[in-house]
Amino acid sequence: MTKESITGIIFNTDRTKVLLIKRRDVPVWVLPGGGLEANETPQQGEIRELEEETGYKVKVKKKIAEYSPLCSLAKFTHYFECAILSGSPILGDETKEIAFFPFDQLPYRIPPPY
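Residues numbered from 1 in each chain as written. Predicted model: local features only at pLDDT ≥ 70, side-chain atom pairs only at ≥ 80, totals over all residues. Heavy atoms only, no water.

## Digging into unusual backbone geometry
- Although it is not a glycine, R15 sits at a positive phi angle of roughly 60 degrees.
- The phi dihedral of N39 falls on the positive side, at around 60 degrees, and the residue is not glycine.
- Mapped onto the elements of the fold, N39 is located in the loop between β4 (33-35) and α1 (42-54).
- Classification of N39 as exposed rests on a relative accessible area of 79%. (Helix = DSSP H or I, 4+ residues; strand = E, 2+ residues; numbered from the N terminus. Buried < 20%, exposed > 50% of the residue type's maximum accessible area, 1.4 Å probe, protein only.)

Structure representation (structure tokens):
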């Protein structure tokens, strides 16, 4: 079975900001997401990962992209636009900070793929 991952994109209400998390293991800002578990659909994985990393319960609105890696260091990734249904930001084992950023003021420490 091919290892796959998911990434969630959450906009604020007027779609002027995007939600990012700052990782604990590597101090960079990224879109929330992670790896799929056994027998999990990409949509199920997205809902689980976003709640684990942000504290928000979300719904998947639509799939917006797929990333096919050019080398073995990355995984095939599903990108979904999601909407917050409930919850509040909760920091956890993987997440050091959670914030919405305007598109023209994204943090300096953000990896190139994002």
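## A look at the environment of S86
- Relative to the helices and strands, S86 resides in strand β6 (residues 76-87).
- Between the C-alpha atom of S86 and that of E51, which follows or precedes it by 35 residues, the distance is 10.0 Å.

## Topic: the side chain of T54
- Here T54 is to be found in helix α1.
- The class for T54 is buried, based on a relative accessible area of 0%.
- Of the polar contacts made by the side chain of T54, one reaches the backbone oxygen of L50; its length is 2.5 Å.
- There is a polar contact of 3.1 Å between the side chain of T54 and the backbone nitrogen of Y56. (Polar contact = N/O pair within 3.5 Å; in protein donor to acceptor, adjacent residues only side chain to side chain.)

## Re the nonpolar core
- In this structure, I10, L19, L50, V58 and C82 are the most contacted members of the largest nonpolar core, which totals 13 residues.
- Contributing elements (two or more residues each) for this core: β1 (4-10), β2 (17-23), β5 (56-67) and β6.
- Core analysis: the next-biggest nonpolar cluster, separate from the first, contains seven residues, I9, L20, W29 and Y79 among them. (Core = buried A, V, L, I, M, F, W, Y, C linked by side-chain atoms within 4.5 Å.)

## Quick word on α1
- Given a rise of 1.5 Å per residue, 13 residues ought to cover 18 Å, and the 18 Å separating the end C-alpha atoms of α1 matches this to within 8%.
- Those residues of α1 not exposed but buried are P42, G45, E46, R48, E49, L50, E53 and T54.
- Just past α1, the residue G55 takes up positive phi, approximately 90 degrees. (Expected span 1.5 Å × (residues − 1).)

## Some remarks on the sheet that holds β1
- Strand order across the open sheet formed by four strands is β4-β1-β6-β5, with mixed pairing between neighbours. Pairing within the sheet leaves two strands with one partner each, and these edge strands are β4 and β5. The average angle at which neighbouring strand axes cross in this sheet is 25 degrees, direction not considered.
- Note that β1 and β4 share three bridges and pair antiparallel. The partner of S5 across the bridge, within β4, is G35.
- Along the sheet face, α1 touches β1, β4, β5 and β6 and points at about 125 degrees away from the line of β5. (Pairing = 2+ DSSP bridges. Axes fitted to C-alpha atoms, helices over the stretch in contact; angles between N-to-C directions. Contact = heavy atoms within 4.5 Å.)

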